[in-house]
Amino acid sequence: MGCCSPSEPNLIDQMCELAHQQLPASILNDSHSLIIHSRFINDLPPPLRIYAGCATQLFSETDGVDLVKFISVPANCP
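As the structure is a prediction and not an experimental result, all values here were calculated from the model. (Residues numbered from 1 in each chain as written. Predicted model: local features only at pLDDT ≥ 70, side-chain atom pairs only at ≥ 80, totals over all residues. Heavy atoms only, no water.)

Peer 1: Would you mind showing me how to read the side chain of Ser 33 here?
Peer 2: Among the secondary structure elements, Ser 33 is positioned in strand 2 (residues 33–37). Ser 33 sits in the buried class, given a relative accessible area of 1%. Contacts of Ser 33, omitting those with residues within four sequence positions, involve Ile 27, Leu 28, Lys 69, Phe 70 and Ile 71. (Helix = DSSP H or I, 4+ residues; strand = E, 2+ residues; numbered from the N terminus. Buried < 20%, exposed > 50% of the residue type's maximum accessible area, 1.4 Å probe, protein only. Contact = heavy atoms within 4.5 Å.)

Peer 1: It is not clear to me how the sheet that holds strand 3 (residues 67–71) should be interpreted in this structure. Could you clarify?
Peer 2: Read across the open sheet, the three strands follow the order 1-2-3; overall the sheet is antiparallel. Strand pairing shows two members of the sheet lacking a second neighbour, strand 1 (26–29) and strand 3, which therefore form its edges. Averaged over all neighbouring strand pairs, the angle between strand axes comes to 15 degrees, with direction disregarded. Taken together, the five bridges between strand 2 and strand 3 define a ladder with antiparallel strand orientation. When the sheet's bridge partners are listed, Ile 35 is paired in strand 3 with Lys 69. (Pairing = 2+ DSSP bridges. Axes fitted to C-alpha atoms, helices over the stretch in contact; angles between N-to-C directions.)

Peer 1: Would you take a moment to explain the environment of Ala 19 for this structure?
Peer 2: The topology assignment puts Ala 19 in helix 1 (residues 9–22). Here Ala 19 falls in the buried class, since its relative accessible area comes to 1%. Remark: the alpha-carbon pair of Ala 19 and Pro 45, spanning 26 residues in sequence, is separated by 6.5 Å. In contact with Ala 19, not counting residues within four places along its chain, are Ser 26, Leu 34, Leu 44, Pro 45 and Leu 48.

Peer 1: Mind showing me how you'd approach the pairing of strand 2 here?
Peer 2: Two faces, one strand: in a regular strand the side chains alternate between the faces of the sheet. Here strand 1 pairs with strand 2 via four bridges, running antiparallel. By the bridge assignment for strand 2, Asn 29 is matched with Ser 33.

Peer 1: Is there a simple way to think about the environment of Ser 26 in this case?
Peer 2: Tracing the backbone through its elements, the reader meets Ser 26 in strand 1. Considered as a pair, Ser 26 and Phe 40 are 14 residues apart in the sequence and their alpha carbons are 9.3 Å apart. Sequence-distant contacts of Ser 26, defined by excluding residues within four places in its chain, comprise Ala 19, His 20, Leu 34, Ile 35 and Ile 36. Of note is the side chain of Ser 26, whose polar atom sits 2.7 Å from the side chain of His 20. (Polar contact = N/O pair within 3.5 Å; in protein donor to acceptor, adjacent residues only side chain to side chain.)

Peer 1: Teacher, can you tell me more about the packing of aromatic side chains here?
Peer 2: Within this structure, the stated rule accounts for one aromatic pair. Centre to centre, the rings of Tyr 51 and Phe 70 are 6.2 Å apart; their planes meet at 25 degrees, and the pair counts as stacked. Taken together, the positions of Tyr 51 in helix 2 (residues 46–58) and Phe 70 in strand 3 put the pair 19 residues apart, joining distant regions of the chain. You'll find Tyr 51 and Phe 70 in the same group, each marked buried. (Phe/Tyr/Trp six-rings, centres within 6.5 Å; stacked < 30°, edge-to-face > 60°.)

What follows is the structure, given as structure tokens:
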């Protein structure tokens, strides 16, 4: 697997689809976003766990977060 960053939307799409198949509860919205309960973070594929970890560093106040949404950035987005 390659780098996991917003500049790699295909990888993020693939990992969101994989997570949706593997997790007991998730919502995949037309292949543009994945919503999961925060208790499933450790069950995500490694690139999405890294993505979530980066977001946690940016938004240090994550206590009480129940839902996590991963959004794929379109390839043509600057």
